Amino acid sequence: MATSPQGAPLLGRRHRLELDEVLAALVVDGYLAADDARQVRMGHRAGRSTVELHPLVVVSQAKLPNRREPGRPLGLETLTEWVARQADLPYLKIDPMRINVAAVTQTVSLAYAQRHRILPVAASPEAITFATCEPFDAGWARDLAHMLRRDVLRVVSNPLDIHRYLQEFYGVQRSIQLAQDAKGAGGYDASAVLNFEQLVELGKTGEVGADDRHVVHIVDWLLQYAFEQRASDIHLEPRREAGNLRFRIDGVMHKVFELPPPVMTAVTSRIKILGRMDVSEKRRPQDGRIKTRSAAGREVELRLSTMPTAFGEKVVMRIFDPDIVSKSFEQLGFSEQEGSTWRSMVERPHGIVLVTGPTGSGKTTTLYSTLKHLATPELNVCTVEDPIEMVSPELNQMQVQASIDLDFAAGVRTLLRQDPDIIMIGEIRDLPTAQMAVQASLTGHLVLSTLHTNDAPSAITRLLDLGVPHYLIQSTLTGVVAQRLVRTLCAYCKEPAAQDPDEWIALTHGWTVPLPETVYRPVGCLECRNTGFMGRTGIYEMLSLGRSLRALVSPQLDLASLSRAALAEGMRPLRISAADQVALGLTTVKEVLTVLPPIDPSDTSSAA
């Protein structure tokens, strides 16, 4: 604890923090120079407003140099950790996704929490944990422990987070309660569907009645929260007792919230209205889309899908942020060699290029980023998709409509009459679509599409299985790229780890790849929400069909022989691309092993 020269503690008296004592303690502890503290004090007095800011906020806003730890800014989190140490209390960075909002908001009223600047963050039958930004004001804790007949535990969190989440947690919970109490919580008028603008301004769109505004608040909060947490998908899952609300972040599902069944129904109806879907139809699956803005002002598209389940309609919203979907080849995770190989495939005037991998492996991002790269004013780039993933002004995009027999094959047939230079087919699922792709390539067009296979050579056997003649594959297929997404280590907290040669051998599987000098492991910090990972990158297997490989394509193709020949021609398998990312310190062996296809025991392919 910081002390004055006479030995009296500067912090620790049983009252709320004051700016003068905080500044004095920071100077004594060596975080601030005396002149800097004087400037902050004078500036605060001169600019004092009717809104009294917390002392830690005042100091952090001054953006002063950290004299004690020069490499670390004297920001609000640093100051909060310092105060927590002074009070000998645990420090907590509030992660709203780890808090049971419904449970904690039942412990104390909003007025009580605001009065004492506290936020309930965990509740159990034995104890309740409160976050506070006034660690030396503890009178309320004794009173609460007596009233609630449970232990009251205190942690220290930054004042801005406490203020923000007080409003959000209690506001959303109140909206849920009012929506549940309101008559006809799910009774939206389907005729209102046509009244919505194409761009949804959160909180401003649509004529809503008194009973509806609570549901509007819930949906607006849900979408903005998902954008803020970098979610790629939002799942609303109805259940008998309470519906689950989950986000997928960096490929991993996280439970966020629980909604009572009537409120879940109302929220689903609101989302269906925004997506211009039939609100009254709950028995069959539907698709829709919402275009809105994030808090930062970027336009974001959401693709909606509903599915009837035992307890109501399940809704999945896939989020397409233009900044995430369209990336440079380097941002996709291509090495210099992979980027060069990929460009050589897609910058040809004609031929078929396939991207393969399971659902969620980043095929859409790769294709859209490539189309953005290729779409110049001199070229006509057309797509046929199911559904259109991301509306782009540079492309002419058409959506498959099964109800009117507009499938992929019919779509490509139409596009061939539209004078295209480049055609992107969402997916080759059947022989008619494959035949139209081949036809488009033979008539001088570049065709990009996707397949679901484990690796690149398997794409050729898949085309043969669909019924495409081998001689047409020989003459049209330019190359195949198989890919996966792996989580990348958080750059703020990763640290060197002990090397495990057995793990490295399991990853490289017969390839002679030297063990990297340094490997890293995840740690967890504020930036990555204590997961140790932030974002994802791609690993790739690129098969470019040269003359010798084309000669191997036959009706009785031996996949193992083709794979060995491709490796001899320079194809680098997925696991070696993954080993490169581990060697660069971007991810871990354990992480990549979770996404790589299993090793075939009969596969003897290796390279020196």
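Residues numbered from 1 in each chain as written. Predicted model: local features only at pLDDT ≥ 70, side-chain atom pairs only at ≥ 80, totals over all residues. Heavy atoms only, no water.

An unreviewed UniProt entry annotates the protein as Type II secretion system protein E of Dyella thiooxydans. Under the Sequence similarities (unreviewed entry) heading, UniProt states for the protein: "Belongs to the GSP E family." (UniProt positions renumbered as here; feature names shortened; annotations may be inferred.)

1. Points about the overall build of the protein
Secondary structure summary: the protein contains 22 helices and 19 strands in total. Looking at the 608 residues of the protein, the share that counts as buried comes to 51%. Here the analysis covers contacts within the protein between residues at least 6 apart in sequence; of these, 66% occur between residues at least 24 apart. When the accessible surface of the protein is summed, it comes to about 28,500 Å², and 50% of that surface belongs to carbon and sulfur atoms. (Helix = DSSP H or I, 4+ residues; strand = E, 2+ residues; numbered from the N terminus. Buried < 20%, exposed > 50% of the residue type's maximum accessible area, 1.4 Å probe, protein only. Contact = heavy atoms within 4.5 Å. Areas by Shrake-Rupley, 256 points an atom, 1.4 Å probe, with all protein chains shown as cover.)

2. Re helix α7 (residues 139-148)
For α7, the full list of buried residues reads W140, A141 and L144. Seen along its axis, α7 keeps its buried residues to an arc of 100°; they face one direction. Opposite the buried face of α7, by more than 90 degrees, sit the exposed residues R142 and H146. Looking at the buried side of α7, the elements it contacts are α6 (110-116), β1 (118-123), β2 (127-132) and β3 (151-156). In the stretch just after α7, R149 is the one whose phi turns positive, near 55°. (Arc of directions from axis to C-beta.)

3. Focus on the packing of helix α18 (residues 501-508) against helix α21 (residues 574-583)
At a minimum axis separation of 8 Å, α18 and α21 run at an interaxial angle of 140°. Facing α18, whose interface residues are W504, A506, L507 and T508, α21 presents R575, I576, A578, A579 and V582. Residues that form the contact of α18 with α21 fall into these classes: seven nonpolar, one polar and one charged. (Axes fitted to C-alpha atoms, helices over the stretch in contact; angles between N-to-C directions. Nonpolar A, V, L, I, M, F, W, Y, C, P; charged D, E, K, R; others polar.)

4. Regarding the UniProt feature "domain: Bacterial type II secretion system protein E" (unreviewed entry) in the protein
Using the residue numbers shown here, the UniProt feature "domain: Bacterial type II secretion system protein E" (unreviewed entry) corresponds to residues 416-430. The annotated region residues 416-430 carries 0% helix and 27% strand content, and the separation between its end C-alpha atoms amounts to 19 Å.

5. Notes on the sheet that holds β2
Spatial ordering of the open sheet is given by β1-β2-β3, a layout of three strands whose pairing is mixed. Two strands bound the open sheet, and with one partner strand each, they are β1 and β3. On average, each strand axis in the sheet is inclined to that of its neighbour by 30°, with strand direction left out of account. Its contacts with the sheet put α7 on β1, β2 and β3, and the angle it makes with β3 is roughly 145°. (Pairing = 2+ DSSP bridges.)

6. A word on the sheet that holds strand β16 (residues 477-489)
A sheet is described by the order of its strands in space; here seven strands give the open sequence β13-β12-β14-β15-β11-β16-β19, paired in mixed fashion. Either end of the sheet is taken by a strand with one partner, and the two such strands are β13 (396-399) and β19 (533-544). For this sheet, the mean angle separating the axes of adjacent strands, direction not counted, is 20°. Sheet analysis places β16 next to β19, joined by 10 bridges and oriented antiparallel. Counted as the bridge partner of L485 is G538 from β19. Against the sheet, helix α13 (residues 363-374) touches β11 (351-356), β12 (381-385), β13, β14 (422-425), β15 (446-451), β16 and β19, its axis set at about 170° to β15.

7. Some details on the nonpolar core
For soluble globular proteins, the rule of thumb is that nonpolar side chains tend to be buried together. Within the largest apolar cluster, 60 residues are counted, with the highest numbers of intra-cluster contacts made by I234, F247, I271 and M317. Among the elements that take part in this core, helix α9 (residues 213-228) stands out by supplying nine residues, more than any other. In this structure, this core is formed jointly by two domains, domain 2 (96-165) and domain 3 (205-323), each of which donates at least three residues. For I234, the residues in contact, after removing those within four places along its chain, are L222, L223, A226, L245, R246, F247, L302, V315, V316, M317 and I319. Counting 43 residues, the second largest nonpolar core, distinct from the first, contains A410, V468, I473 and V480. (Core = buried A, V, L, I, M, F, W, Y, C linked by side-chain atoms within 4.5 Å. Domains from an automatic or database assignment.)

8. Structural notes on the packing of aromatic side chains
Applying the stated rule across the entire model yields nine aromatic pairs. Residues F130 and W140 carry aromatic rings whose centres are separated by 5.4 Å and whose planes lie at 75° to one another, so their mutual orientation is edge-to-face. Within this pair, whereas F130 is found in strand β2, its partner W140 is found in helix α7, the two being separated by 10 residues in sequence. An aromatic cluster is defined as three or more aromatic residues linked by ring pairs; in this entry it consists of W221, Y225, F247 and F257. Between R487 and the ring centre of F533, over which it is positioned, the NZ or CZ distance is 4.1 Å. Positioned above the aromatic ring of Y520, the side-chain terminus of K494 is 4.8 Å from the ring centre. (Phe/Tyr/Trp six-rings, centres within 6.5 Å; stacked < 30°, edge-to-face > 60°. Lys NZ or Arg CZ within 6 Å of the ring centre and 35° of its normal.)

9. Observations concerning the pattern of salt bridges
What the rule picks out here adds up to 28 salt bridges. Taking the shortest distance from any N to any O, the salt bridge between E134 and R117 comes out at 2.8 Å. Of this pair, E134 sits in the loop between β2 and α7 while R117 is found in the loop between α6 and β1, placing the two residues 17 residues apart along the sequence. Among the salt bridges present, the one from E427 reaches R429, with a minimum N-O distance of 3.2 Å. Here the salt bridges do not stand alone but share partners, grouping E77, K93 and D161 into one network. (Salt bridge = Lys/Arg side-chain N within 4 Å of Asp/Glu carboxyl O.)

10. Some details on the packing of helix α14 (residues 408-415) against helix α15 (residues 431-442)
Remark: α14 packs on α15, axes separated minimally by 8 Å, with the N-to-C direction vectors making an angle of 20°. As summarised for this structure, α14 and α15 are arranged roughly parallel, according to the angle between their axes. Our pair here, α14 against α15, has a crossing hand that is left-handed. When α14 is examined against α15, the residues F408, A409, V412 and R413 are found in contact with a partner set consisting of P432, T433, M436 and A440. (Parallel < 35°, antiparallel > 145°, perpendicular 65-115°, else oblique. Left-handed = near helix turned anticlockwise from the far one by under 90°.)

11. Section: helix α10 (residues 261-274)
The end-to-end C-alpha separation of α10 is 20 Å, in line with the 20 Å expected for 14 residues at 1.5 Å each. For α10, the buried fraction is high: 11 of the 14 residues fall into the buried class. Just downstream of α10 lies R276, where phi reads positive at about 55°. (Expected span 1.5 Å × (residues − 1).)

12. Brief notes about the pairing of β14
Going residue by residue along β14, you find I422 and M424 tucked away on one face and I423 and I425 tucked away on the opposite face as well. Judged from the four bridges that link them, β12 and β14 form a sheet pairing that is parallel. Looking across to β14, one finds that T383 is bridged to M424. Pairing analysis gives four bridges linking β14 to β15, with the strands arranged parallel. Bridge pairing in β15 links I422 to L446. At this point the chain moves from β14, through α15, to the parallel β15, and the crossover so formed is right-handed. (Right-handed = clockwise from strand over helix to strand, strands pointing away.)

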